[in-house]
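Listed below are the residues making up each chain.
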Amino acid sequence: MSKIIRIGTRDSELALYQAKAVQSQLQALGHQTVLVPLKSTGDIVLDKPLYELGITGIFTRTLDIAMLNGDIDIAVHSLKDVPTLLPKGIVQAAVLKRGNVRDTLLFKNNEEFLGSRDATIATGSLRRRAQWLNRFPTHTVVDLRGNVNTRLQKLEDSDWNGAIFAAAGIGRLDLRPEDAVNLDWMIPAPAQGAIMIAALAEDEETLAILAEINHQETEICTKIERDFLNKLEGGCTAPIGALAFIKDEELTFEGILLSKDGTKKIQVKRVKAVGEHHDIAEWCANYILERGGNRLMDELKESHVPTNIYSTKSLTEDQRFLFNEKIKAESSDFVKISLNRIHPRFVKNQIENVVITSQNAVEALLNNFSAIELQFKNIYCVGRRTKKMIEKRIGNVLHTEKNAKKLAEYLVDFMEGTEVTYFCSDLRLDDLPSILKENNITVNEIEAYQTKLDSINIPESVEGVMFYSPSTVQSYKKENDAKGIAFCIGETTAKEASKHFDDVRIAKVPTVESVIELVNEHYT
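In this text the structure is predicted, and so the values were computed from the model without any measurement.

A.B. asks: Where do I start with the sheet that holds strand β12 (residues 250-258) in this structure?
C.D. replies: Backbone-to-backbone hydrogen bonds pair the strands of a sheet. The strands run either parallel or antiparallel. Taken in spatial order, the three strands make up an open sheet running β11-β12-β13, and their pairing is antiparallel. Each of the sheet's edge strands pairs with one partner strand only, and the pair in question is β11 (240-247) and β13 (265-273). Within the sheet, the average angular offset between the axes of one strand and its neighbour, ignoring direction, is 10°. Two strands pair when backbone bridges link them, and β11 and β12 are joined in this way by eight bridges, in the antiparallel orientation.

Written out as structure tokens, the structure is:
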């Protein structure tokens, strides 16, 4: 080739190392080359918008534009940083033989913190963060940005226990400490450790030259990993890991998708004979999507959308799925429950009339006694869910009402006897015991569980809050102002919410699903 091949590269130390590795191989084949380090796109003029060309990668954008402008002939990238869809007119021309694919842990003093409840680890990768928290859920993960040298210095200057790096990066710069630990349990980023060369699709001469330095096994494995990533529709904003390798004529693939906090993980592993591996990426991606990956990806895509509804009780995945597309809901438990020890003397004899107003009281009773020990003649309760739980695990319910006040009024009119045993919380409304006592009915209160108010400050974008008990309202008010709409599970909760909110709405039936339906109606 008579012309000099202009090799475009970012100007970081690692990017220059990779570009020089490509340059060395090309020169060994007798080709003339020159490095063209580039820093920013500020002085590059393009006559088409970037989105029309499909230019998206934050680490590849500068070189893509330079190549389309004719300023460079080829571009050298870390393949893991390259979007799965390349800009129009640009193709992957070659990949070099892959380096160390693993993530590596560098630590300050020793590895003892791995067995500790509390530790602080640094990484700028969502994938590394999610997998670390999945394995060490009590640890703290802090953000770490910058080039390799900058990140190493930040680790040195910090009080962190350790930081996670790509083994290939610190190895190529000869910066790997002797005691660094490869994290073999952590699935790497798709194409991690691979150097890729891009060129113009129309430049047949350059493409033919680059084909000479292409490493076929690396090309096969990284293509599978990137196809898996593309099928999941992931990118740098989704915690996705993928690794394919060939050994003894067999191709092994491992893939993983996690939630950002690491609490959810879907993993797959598949082995196929080389030559029969062509559907492995699609099969593994579908495996993950069919086992909850679709929902998890939807959650990840929506994570940047402002939250407009907040639930003061943690919602299940099935409940989250019930919200319509206009709603971005978050949830946490604003009330934490601690079950008490109930002394056997309270249940040693048959109790004629028992009142239970929550599922928590049922759990407390069954935490202390077997069902056969609970000799309750007449059971009265609040709520359909509580009734269903009692009848499934203890015995028949004689009567149920929607709230405690209505139950008290029923008992005054229809209950046999003049005494009830009320299994309740340390925080309970006065309605039921007050009404009964006013009507000469003795109330034996037994504290079955304790209710702890555990509020957090919710995002400013929230337009409505879902409440399930007076306690959740009280807890909310500890950290937040009353604004927007209060969506309440029942009248008793609404009564408490009305003390603070101007707009209070009540669900048709006292269930979480009915409160969600109430929220959906507002946004329809």
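A.B. asks: Mind showing me how you'd approach the pairing of strand β18 (residues 376-382) here?
C.D. replies: Looking along a regular strand, one sees side chains alternate from face to face of the sheet. Burial analysis of β18 places six of its seven residues in the buried class, which makes it a mostly covered element. Across five bridges, strand β17 (residues 351-356) lies against β18 in parallel orientation. When the sheet's bridge partners are listed, Val 354 is paired in β18 with Ile 379. As for the winding sense of the linkage, the β-α-β connection from β17 through helix α11 (residues 359-368) to β18 is right-handed. As defined by bridge partners, β18 adjoins strand β19 (residues 399-401) across three bridges and the pair is classed as parallel. Paired with Tyr 380 across the two strands is His 399, which belongs to β19. With helix α12 (residues 384-393) bridging β18 and its parallel neighbour β19, the resulting β-α-β unit is right-handed.

A.B. asks: I would appreciate a short explanation of the environment of Thr 492 in the present structure.
C.D. replies: Structurally, the position occupied by Thr 492 is in helix α16 (residues 491-497). Taking the C-alpha atoms as reference, Thr 492 lies 7.3 Å from Ser 469; in sequence the two are 23 residues apart. Leaving out residues up to four positions away in the same chain, Thr 492 has contacts with Asn 403, Ala 404, Leu 429 and Pro 470.

A.B. asks: I'm lost on the side chain of Thr 104 in this one. Help?
C.D. replies: Note that Thr 104 resides in strand β5 (residues 103-107). Within polar-contact distance, the side chain of Thr 104 engages the side chain of Asn 182 at 2.8 Å. The residues touching Thr 104, leaving out its near neighbours within four places in the chain, are Ala 163, Ile 164, Phe 165, Ala 167, Ile 170, Arg 176, Ala 180, Val 181 and Asn 182.

A.B. asks: Looking at this structure, I do not really get the packing of aromatic side chains. What am I missing?
C.D. replies: Taken as a whole, this structure holds 13 aromatic pairs when the rule is applied. Relative to Phe 414, the ring of Tyr 410 has its centre 4.9 Å away and its plane inclined at 35°; by these criteria the two rings are tilted. Linking Tyr 410 with Phe 414, this pair stays in helix α13 (residues 404-414), spanning four residues, or about one helical turn. By relative accessible area, Phe 414 is classed as exposed at 55%. Ring centres 5.7 Å apart and planes at 35° place the aromatic pair Tyr 476 and Phe 501 in the tilted group. With Tyr 476 in helix α15 (residues 470-479) and Phe 501 in the loop between α16 and β24 (503-506), this residue pair connects regions lying 25 residues apart in the sequence.

A.B. asks: What is the right way to look at the pattern of salt bridges in this model?
C.D. replies: Any two side chains of opposite charge can pair, on the condition that their charged atoms come close. This structure, assessed with the given rule, holds 21 salt bridges. Among the salt bridges present, the one from Arg 291 reaches Glu 290, with a minimum N-O distance of 3.9 Å. Linking Glu 521 and Lys 508 is a salt bridge whose minimum nitrogen-to-oxygen distance equals 3.7 Å. In this pair, Glu 521 is assigned in helix α17 (residues 512-522) and Lys 508 in the loop between β24 and α17, connecting sequence segments 13 residues apart. Overall, Lys 508 belongs to the exposed group, its relative accessible area being 59%. Taken together, the salt bridges that share partners define one network made up of Lys 3, Arg 6, Asp 73 and Asp 203.

A.B. asks: Would you mind going over the environment of Asp 179 with me for this structure?
C.D. replies: One can find Asp 179 in the loop between α6 (167-172) and β9 (181-182). For Asp 179, a relative accessible area of 43% corresponds to the partly exposed category.

A.B. asks: Where do I start with the packing of helix α8 (residues 216-232) against helix α9 (residues 280-301) in this structure?
C.D. replies: For any two helices packed against each other, the geometry is given by the interaxial angle and the distance between the axes. Two elements in contact, α8 and α9, have axes whose closest approach is 9 Å; the angle formed by their N-to-C orientations is 30°. Crossing angle aside, the handedness with which α8 passes α9 is right-handed. On the side of α8, the interface is formed by Ile 224, Asp 227, Phe 228, Lys 231 and Leu 232, while α9 contributes Ile 280, Ala 281, Glu 282, Cys 284, Ala 285, Asn 286, Ile 288, Leu 289 and Met 297. Taken together, the residues of the contact of α8 with α9 break down into 10 nonpolar, one polar and three charged.

A.B. asks: Looking at this structure, I do not really get the pairing of strand β8 (residues 162-166). What am I missing?
C.D. replies: With five of five residues buried, β8 lies mostly within the body of the structure. Here β8 shows no split at all, with Gly 162, Ile 164 and Ala 166 on one side and Ala 163 and Phe 165 on the other all buried. Here five bridges tie β5 to β8, and the two strands are oriented antiparallel to one another. Residue pairing in the sheet places Asp 103 in a bridge with Ala 166 of β8. Relative to β8, strand β6 (residues 120-122) runs parallel, the two being bridged by two bridges. Note on β8: the bridge partner recorded for Ile 121 is Gly 162.

A.B. asks: Looking at this structure, I do not really get the packing of α11 against α12. What am I missing?
C.D. replies: Between α11 and α12, whose axes approach to 9 Å, the crossing angle comes to 20°. The angle between α11 and α12 falls in the class roughly parallel. The hand of the α11/α12 crossing is left-handed. Residues Gln 359, Val 362, Glu 363 and Leu 366 of α11 touch α12, and the partners they reach there are Arg 385, Thr 386, Met 389, Ile 390 and Arg 393. Residue classes in the contact of α11 with α12 are distributed as four nonpolar, two polar and three charged.

Criteria and cut-off values
- Residues numbered from 1 in each chain as written.
- Predicted model: local features only at pLDDT ≥ 70, side-chain atom pairs only at ≥ 80, totals over all residues.
- Heavy atoms only, no water.
- Pairing = 2+ DSSP bridges.
- Helix = DSSP H or I, 4+ residues; strand = E, 2+ residues; numbered from the N terminus.
- Axes fitted to C-alpha atoms, helices over the stretch in contact; angles between N-to-C directions.
- Buried < 20%, exposed > 50% of the residue type's maximum accessible area, 1.4 Å probe, protein only.
- Right-handed = clockwise from strand over helix to strand, strands pointing away.
- Contact = heavy atoms within 4.5 Å.
- Polar contact = N/O pair within 3.5 Å; in protein donor to acceptor, adjacent residues only side chain to side chain.
- Phe/Tyr/Trp six-rings, centres within 6.5 Å; stacked < 30°, edge-to-face > 60°.
- Salt bridge = Lys/Arg side-chain N within 4 Å of Asp/Glu carboxyl O.
- Left-handed = near helix turned anticlockwise from the far one by under 90°.
- Nonpolar A, V, L, I, M, F, W, Y, C, P; charged D, E, K, R; others polar.
- Parallel < 35°, antiparallel > 145°, perpendicular 65-115°, else oblique.

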